[in-house]
Amino acid sequence: MKQASYFSLACDYICDKNIKTYTNIKKVIFIILFSVVTLASFAQNDSLYVDGKSEKCIIIGTHNSATSGKTVWWQRPFAWLLHMVSRCQNKTIEQQLEGGVRLFNLQVCRYKGEWHISHGLCIYKEKLFDVLDQMKLYKGIVFQLYLDRNFFVGQDEEEFMKLVAEVKNKYCSPEFIMQKAWIEGTDKYPHKTEYNLSIEEHYWSKSWAETFGNSWMDKLPLLKRHAKRFNDTYKGECKADYLMLDFYE
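We now turn to the structure provided with this report. Counting restarts for each chain, with residues numbered from 1 along the sequence as it is written. Note on the predicted model: pLDDT of at least 70 is required for a residue's local features to be given, and 80 or more for side-chain atom pairs to be given and counted; whole-chain, interface and lining totals, by contrast, use all residues. Here the side-chain values reflect all heavy atoms present in the structure, with hydrogen atoms and water set aside.

## Looking at the overall build of the chain
As a reminder, the rule being used: Under the DSSP-based scheme used, a helix requires at least four consecutive residues in state H or I and a strand at least two consecutive residues in state E, with every element numbered from the N terminus. With a 1.4 Å probe rolled over the protein chains alone, any residue whose accessible area is under 20% of its type maximum counts as buried; one over 50% counts as exposed, and the rest are partly exposed. Computed with a 1.4 Å probe, the accessible areas rest on the Shrake-Rupley method; for each residue, only the protein chains presented here act as cover.
Along the backbone of the chain there are eight helices and ten strands. Of all 249 residues assigned to the chain, the portion counted as buried reaches 43%. When the accessible surface of the chain is totalled, it reaches about 14,200 Å², and 57% of it is carbon and sulfur.

## Some points on helix α5 (residues 128-135)
Stated precisely, the cut-off is as follows: In this context, the arc is that of the directions from the helix axis out to the C-beta atoms.
The set of residues buried in α5 consists of Leu128, Val131, Leu132 and Met135. Angular distribution of buried residues about the axis of α5 spans 95 degrees; they occupy a single face of the element.

## Structural notes on unusual backbone geometry
Here the phi dihedral of Lys112 falls at roughly 55 degrees; this positive angle occurs in a residue that is not glycine. Note on placement: Lys112 falls in the loop between β3 (103-111) and β4 (114-119). The phi dihedral of Phe247 falls on the positive side, at around 50 degrees, and the residue is not glycine.

## A few points about a nonpolar patch on the surface
We apply this condition: Like-charged residues within 9 Å of one another, or nonpolar side chains (Val, Leu, Ile, Met, Phe, Trp, Tyr) within 5 Å, are grouped into patches, provided each residue has over 30% relative accessible area and no salt bridge. A side-chain nitrogen of Lys or Arg and a carboxyl oxygen of Asp or Glu constitute a salt bridge if their distance falls within 4 Å.
Side chains of Trp73, Trp74, Phe78, Trp80, Leu81, Met84 and Val85 sit close together on the surface and give an oily, nonpolar patch of about 800 Å² of accessible area. Along the chain, Met84 turns up in helix α3 (residues 79-86). Judged by relative accessible area, which is 45%, Met84 ranks as partly exposed.

## As for helix α8 (residues 223-237)
To keep it simple, the criterion reads: How far a helix is expected to stretch is found by multiplying one less than its residue total by 1.5 Å. Note on bend: at a given residue it equals the angle between the axes fitted to the 7 residues ending there and to the 7 starting there.
Between its first and last C-alpha atoms α8 spans 20 Å; for 15 residues at 1.5 Å apiece the expected length is 21 Å, and the two agree. Bending of α8 peaks at approximately 50 degrees at the position of Phe230. Residues of α8 that are buried: Leu223, His226, Ala227, Phe230, Asn231, Tyr234 and Lys235.

## Describing the pattern of salt bridges
Following the criterion strictly, the structure yields four salt bridges and no others. The partner of Lys188 in a salt bridge is Glu157, and the shortest N-O contact between them spans 2.8 Å. Placement of Lys188 in the loop between β7 (176-183) and β8 (191-192) and of Glu157 in helix α6 (residues 157-170) is noted, with a sequence separation of 31 residues between them. Its relative accessible area of 22% is what places Glu157 among the partly exposed residues. Measuring nitrogen to oxygen at the nearest pair gives 3.5 Å for the salt bridge that ties Lys162 to Glu159. With Lys162 and Glu159 both in helix α6, this residue pair falls three residues apart, about one helical turn. According to the relative accessible area criterion, Glu159 is partly exposed, its value standing at 24%.

## Comments concerning the packing of α5 against α6
Applicable threshold: To obtain each axis, a line is fitted to C-alpha atoms, and for helices this fit is confined to the stretch in contact; angles are then taken between N-to-C directions over 0 to 180 degrees. These descriptions rest on fixed angle ranges, namely under 35 degrees for roughly parallel, over 145 for roughly antiparallel, 65 to 115 for roughly perpendicular, and the rest for oblique. Left-handed describes a crossing whose near helix is turned anticlockwise from the far helix through less than a right angle; right-handed describes the clockwise counterpart. Should any heavy atoms of two residues lie within 4.5 Å, those residues are counted as being in contact. Three classes are used, and their members are as follows: Ala, Val, Leu, Ile, Met, Phe, Trp, Tyr, Cys and Pro are nonpolar, Asp, Glu, Lys and Arg are charged, and the others, Gly among them, are polar.
At a minimum axis separation of 12 Å, α5 and α6 run at an interaxial angle of 25 degrees. Judged by the inter-axis angle, α5 sits roughly parallel to α6. Note on packing geometry: the crossing formed by α5 with α6 is right-handed. Of the residues in α6, those in contact with Leu128, Phe129 and Leu132 of α5 are Leu163, Glu166 and Val167. Considering only residue class, the contact of α5 with α6 consists of five nonpolar, no polar and one charged.

Remember, this is a structural readout, not a statement about activity or role.
As structure tokens, then:
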């Protein structure tokens, strides 16, 4: 990380026999203070997990990142029931960004001619381009874009291909990377980034078939319960640079 280079530079200054002037001493002090302040800011960042044993820094990402909001109007009377198996985050995209999250997973479906956030049966009021516009205000963003096919079998793959091309042209840059675009339930990936990103993804739907302890409840789609019980374990075992979780806190 950059912080390590600042400390190394400071040490080089101190060890360098050519440091004889007051100006260079001031530089040393500035570099050390800058490093301490920067590291302190990371310590306050909820999305940066530091493993106590390996001291490895892991950037926390969110699965189904934009599912904290309201559903479309006709789903709201029974949204509380749908959210039991569809809501994967409590925090809004803005709250996640402010907390330092830089990896996002966005599932979408086409609703009334526009691309909306979705997950399974839930169609969310929030539109994809509004979410991307929020994210675009920050640097170092990585995101995934999925065509939701759980209950929207009739979704047009060709339209999704056009969407991926539009998003690439309008948003993508070295500071705003679409890691992959996927048509759910298929082996079709309209886009995969050329950047080598190390990402681990852990959430209930990826691990439901595995046995966690002896509890039959771990087999049920109780997303928040699963996250509360296993997120710390996932953090401790992660070997990647990014870790994607449900219910980021």
